[in-house]
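Spelled out, the chains give:
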Amino acid sequence: MSTQPDQTTNYAALVAEFARAGRAAQRVLARMDDAAKAAALCSAAAALRRHSGSIVEANARDVAAGTARGLSPAMLDRLRLDEERLEGIAAAVEAVAALSDPVGEHISHTTAPSGLDLVRVRIPIGLIGIIYESRPNVTADAAALCVRAGNAALLRGGSEAVNSNRAIHAALAEGLAEAGVPAEAVQLMPTQDRAAVGAMLRAAGLVDMIVPRGGKGLVERVQNDARVPVLAHLDGICHTYIHSAADRAMASEIALNAKMRRTGICGAMESLLLDADFATGGDVVGALLDAGCELRGDARAQALDERIRPASANDWDCEYLDAILSVAVVDGLDAALDHIARHSSGHTDAIVTGDEAVAERFLAEVDSAIVMVNASTQFADGGEFGLGAEIGIATGRLHARGPVALEGLTTYKWQVRGTGQTRP
Ligand SMILES: NC(=O)C1=CN([C@@H]2O[C@H](COP(=O)(O)OP(=O)(O)OC[C@H]3O[C@@H](n4cnc5c(N)ncnc54)[C@H](OP(=O)(O)O)[C@@H]3O)[C@@H](O)[C@H]2O)C=CC1
Ligand SMILES: N[C@@H](CCC(=O)OP(=O)(O)O)C(=O)O
């Protein structure tokens, strides 16, 4: 779309215009078979490579502006592209092309007592709006996953990545169009005005689903404005509970990895719960402190190591995305479950224990999208789960939870075949 918004733009009308174009393109996409959609994504990958110079140049402008604005090193790292990273983005689009097409799969096939033949068949959701952080690879990943599953995408990326996103989007649209997919199958919102995010969230009947991927500010906006079904990909306040029957070495290794492998991702541990009866809690916190992590603890945690600072009430609900961790000492499984129920964001929570019965209770009772036993929360990732890719980690309670890939971007319908039945 060529619409250029200005001060007087009516964002509801703008979103409606984009949505109508996207829905028309989606109907074309829905008629394309597996091979045609895969070929279109390979064509989009080729266009990314063809335009790598201008994409990297656009990204350099974003990075220069971000540097001047004082973005953190972690944010700049997520923003930055070079030829090698761009090759990775193109290869990821090809990897999505190589995944098998979920559309048309028969989820179930039964015969009703009336003799009706009932097939539940997988279909695309339709037009999906995605609001995401300033990480340009998400533009290509999200577009590729949507198209592979037969959906149109309306993308709204983070403001710091605006030039990169526009360049990536232009290349993707060109490549898709060359392979017979209407360019409007993947559209990028032409404005960074946050009022337009509100219009996307309110576009019920035009946008079929919104995927918000971001932090607290976005959560509040979604809660206030959403009229469209939302598949929330929100913050990760992830816990690791070290139970009294945890293996000592395993506890330290998992805690270190869960916090320090990459501190800036949503699957990083933000809160450590040490069982009061776990004998070597001091070793776990010592290993984290020695690795350069700042620990903020309650009084009992502070007693384990003098380097632990006092935690404030806010710390239990804080997503640091940094080498900072809150630590509490809890009295047994029930206290750990209570703490997690109060403070988890529903992303990923883990227990370390050698007691199978305790592990099973944790798996059953923690109500998060991903619940783990004896593993690092950093495994919360579509690639690690064998899904090939991910839009992100869904933190809500709808049909797709945890890493969302192709299946999560589909719904189904019932196909009913009769032989002349009438209902008595
Ligand atoms: N669950 C998951 O899969 C993932 C979750 N995350 C989470 O994302 C967060 C990090 O991302 P961060 O860089 O902070 O991204 P933000 O949450 O600040 O921004 C994400 C997107 O939301 C928009 N946005 C934010 N607040 C508002 C608002 N009030 N109104 C309208 N639009 C808004 C931003 O727009 P604008 O450009 O205007 O700021 C941007 O497009 C962390 O909390 C992390 O856990 C990150 C990756 C994956
Ligand atoms: N789930 C993936 C990506 C996490 C992610 O997207 O993080 P972010 O850098 O906040 O956008 C992983 O574990 O690498």
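Residues numbered from 1 in each chain as written. Chains lettered and ligands numbered in written order. Predicted model: local features only at pLDDT ≥ 70, side-chain atom pairs only at ≥ 80, totals over all residues. Heavy atoms only, no water.

Some remarks on the confidence of the model for the protein chain
Averaged over every residue, the pLDDT of the protein chain is 95; residues scoring 70 or more account for 98%. ipTM for the predicted complex: 0.93, alongside a pTM of 0.91. (pLDDT = per-residue confidence, 0-100.)

As for the packing of aromatic side chains
In this structure the tally under the stated criterion is 0 aromatic pairs. When the ring centre of tyrosine 412 is taken as reference, the NZ or CZ atom of arginine 120 above it lies at 4.7 Å. It is arginine 120 that lies over the ring of tryptophan 414; its NZ or CZ is 5.5 Å from the centre. (Phe/Tyr/Trp six-rings, centres within 6.5 Å; stacked < 30°, edge-to-face > 60°. Lys NZ or Arg CZ within 6 Å of the ring centre and 35° of its normal.)

Re the site of ligand 2
As a structural note, the neighbourhood of ligand 2 is formed by Arg78, Glu133, Arg135, Arg213, Arg262, Gly264, Ile265, Ala380, Asp381 and Glu390. Separating a nitrogen atom of ligand 2 from a side-chain N or O atom of aspartate 381 is a distance of 3.0 Å. Here a nitrogen atom of ligand 2 and a side-chain polar atom of glutamate 390 are 2.7 Å apart. Protein chains bury 88% of the 370 Å² of accessible surface belonging to ligand 2 in isolation. Among the residues forming the shell around ligand 2, the class breakdown is 2 nonpolar, 1 polar and 7 charged. Formed jointly, the shell around ligand 2 draws a minimum of three residues from each of two domains, domain 1 (18-233 + 398-415) and domain 2 (238-379). (Near = heavy atom within 4 Å. Polar contact = N/O pair within 3.5 Å; in protein donor to acceptor, adjacent residues only side chain to side chain. Areas by Shrake-Rupley, 256 points an atom, 1.4 Å probe, with all protein chains shown as cover. Nonpolar A, V, L, I, M, F, W, Y, C, P; charged D, E, K, R; others polar. Domains from an automatic or database assignment.)

Details of the UniProt feature "domain: Aldehyde dehydrogenase" (unreviewed entry) in the protein chain
Taken from the UniProt record, the annotation "domain: Aldehyde dehydrogenase" (unreviewed entry) applies to residues 14-276. What you have in residues 14-276 is 51% helix and 16% strand, and the ends, taken at the C-alpha atoms, are 57 Å apart. (UniProt positions renumbered as here; feature names shortened; annotations may be inferred. Helix = DSSP H or I, 4+ residues; strand = E, 2+ residues; numbered from the N terminus.)

Some points on the site of ligand 1
Around ligand 1 sit 27 residues, and of these Arg156, Ser159, Gly215, Glu319 and Ile393 come closest. Here an oxygen atom of ligand 1 and a backbone polar atom of tyrosine 132 are 2.8 Å apart. Expressed as a share of its isolated accessible area of 900 Å², the protein-covered part of ligand 1 is 86%. Where the shell around ligand 1 is concerned, the elements lending two or more residues are α4 (73-79), α8 (194-201), α9 (216-225) and β14 (392-394). Tallying contributions element by element places α9 first for the shell around ligand 1, with 3 residues.

Considerations on the side chain of serine 326
The residue serine 326 is located in strand β11 (residues 324-330) in this model. Residues contacting serine 326, with those up to four places away along its chain left out, are Glu270, Ser271, Leu272, Arg296, Asp315, Trp316 and Tyr320. (Contact = heavy atoms within 4.5 Å.)

Considerations on the domain arrangement of the protein chain
Segmentation of the protein chain into domains returns domain 1 (18-233 + 398-415) and domain 2 (238-379). For domain 1 and domain 2, the distance between their C-alpha centroids amounts to 33 Å. Listed as interface residues are 6 residues of domain 1 and, on the opposing side, 7 residues of domain 2. It is Arg78, Arg401 and Gly402 that lose the most area in domain 1 upon contact with domain 2, and together they represent 62% of the buried surface on that side. At the boundary of domain 1 with domain 2, the tally comes to 1 salt bridge. One salt bridge in this structure joins aspartate 367 and arginine 401, with 3.9 Å as the shortest N-O distance. (Buried area = accessible area lost by both parts, 1.4 Å probe. Salt bridge = Lys/Arg side-chain N within 4 Å of Asp/Glu carboxyl O.)

Regarding the packing of helix α3 (residues 52-68) against helix α7 (residues 162-178)
Here α3 crosses α7 at 165°, and the two axes come no closer than 7 Å. It follows from the interaxial angle that α3 and α7 lie roughly antiparallel. As α3 packs across α7, the resulting crossing turns out to be right-handed. Along its contact with α3, which presents Ser54, Ile55, Ala58, Asn59, Arg61 and Asp62, the element α7 presents Val162, Asn163, Ser164, Ala167, Ile168 and Ala171. Looking at the contact of α3 with α7 residue by residue, the classes come out as 6 nonpolar, 4 polar and 2 charged. (Axes fitted to C-alpha atoms, helices over the stretch in contact; angles between N-to-C directions. Parallel < 35°, antiparallel > 145°, perpendicular 65-115°, else oblique. Left-handed = near helix turned anticlockwise from the far one by under 90°.)

Topic: the environment of threonine 111
Along the chain, threonine 111 turns up in strand β1 (residues 106-111). The spacing of threonine 111 and glycine 386 is 275 residues in sequence and 33 Å in space, taken between C-alpha atoms.

Re unusual backbone geometry
Phi at leucine 321 is positive, roughly 50°, even though this residue is not glycine. You can see leucine 321 is positioned in the loop between β10 (309-310) and β11. Residue classification places leucine 321 among the partly exposed residues on the basis of a relative accessible area of 30%. Here asparagine 374, not a glycine, exhibits a phi torsion of approximately 50°, which is positive. (Buried < 20%, exposed > 50% of the residue type's maximum accessible area, 1.4 Å probe, protein only.)

Observations concerning empty space enclosed by the protein
The tally for this structure, following the rule as stated, stands at 1 cavity of 30 Å³ or more. Reported here for the largest cavity is a volume of approximately 40 Å³. Lining the largest cavity are Leu155, Arg156, Gly157, Val162, Asn165, Arg166, Leu188, Met189 and Gln192. Contributing elements (two or more residues each) for the lining of the largest cavity: β4 (152-156) and α7. Its residues assigned to classes, the lining of the largest cavity comprises 4 nonpolar, 3 polar and 2 charged. (1 Å grid on protein atoms, 1.4 Å probe; cavity = no way out; pocket = protein on both sides within 12 Å on 5 of 7 lines; lining within 4 Å. Points joined across faces, edges and corners; volume = space filled by probe spheres on them.)

Brief notes about the sheet that holds strand β9 (residues 294-297)
Strand order in this open sheet of 7 strands is β10-β9-β11-β8-β7-β12-β13, and the pairing throughout is parallel. For this open sheet the edge positions go to β10 and β13 (370-373), each flanked by a neighbour on one side alone. Examined bridge by bridge, strand β7 (residues 238-242) and strand β8 (residues 269-275) share 5 bridges and lie parallel to one another. Note on β8: the bridge partner recorded for tyrosine 241 is leucine 273. Where helix α14 (residues 356-365) meets the sheet, its contacts fall on β7, β12 (348-352) and β13, and the angle it forms with β13 comes to roughly 170°. (Pairing = 2+ DSSP bridges.)

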